[in-house]
Amino acid sequence: MTSRLNSLNILGTPLQTCSTDPMTGWFRDGCCETQSADRGRHLVCAIMTNDFLAFSKAKGNDLSTPRPEYRFPGLKAGDRWCLCLERWKEAYAVGKAPKVVLEATHQMALERVPLETFQQFAHPVETP
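Residues numbered from 1 in each chain as written. Predicted model: local features only at pLDDT ≥ 70, side-chain atom pairs only at ≥ 80, totals over all residues. Heavy atoms only, no water.

Section: helix α1 (residues 50-58)
Along α1, the positions that sit buried rather than exposed are F52, L53, F55 and S56. The buried side chains of α1 occupy one side of the element, clustering within an arc of 160° when seen end-on. Opposite the packed face of α1, turned more than 90 degrees from it, sit the exposed residues N50, K57 and A58. In the core, the buried residues of α1 are packed alongside β2 (80-84) and α2 (85-93). (Buried < 20%, exposed > 50% of the residue type's maximum accessible area, 1.4 Å probe, protein only. Helix = DSSP H or I, 4+ residues; strand = E, 2+ residues; numbered from the N terminus. Arc of directions from axis to C-beta. Contact = heavy atoms within 4.5 Å.)

Describing the sheet that holds strand β1 (residues 42-47)
One open sheet holds the three strands; their spatial order is β2-β1-β3, and the pairing between them is antiparallel. Each edge of the open sheet carries a strand with a single partner, namely β2 and β3 (99-100). Note: β1 against β2, five bridges, orientation antiparallel. The partner of H42 across the bridge, within β2, is C84. Across the sheet, α2 is in contact with β1, β2 and β3; its angle to β2 comes to roughly 95°. (Pairing = 2+ DSSP bridges. Axes fitted to C-alpha atoms, helices over the stretch in contact; angles between N-to-C directions.)

Quick notes on the pattern of salt bridges
Summed over all chains, the structure comprises seven salt bridges. Between E90 and R87 there is a salt bridge whose closest N-O contact spans 2.9 Å. Of this pair, E90 and R87 both sit in helix α2, three residues apart, roughly one helical turn. Among the residues examined, E90 registers a relative accessible area of 34% and is labelled partly exposed. (Salt bridge = Lys/Arg side-chain N within 4 Å of Asp/Glu carboxyl O.)

Given below as structure tokens:
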């Protein structure tokens, strides 16, 4: 499934859905789309790991604990989630960056991270 806004991913092709279970994205539509109100720039479709979740929690963003009042189920290793670009960069800098789904990562992420860096963390393409 492609993005509702016809955005492109970092490979220059239509932006694919990151996850609908759990439902992710700034708009909670499954895609790593953004807008000016999205100060965190939720652009990077990443595959959660226990290591990254612990890192994020230590940085003050607990992604593991469910928050029903925000319709947030809490994440576990293996879940896909649209991460804030700067949080992914912080994790990268300390060796905690999770794998990235290139086809579902918004092209705007290339403004701050080179394609080659993302390619080093590419999650293998899943075939049906």
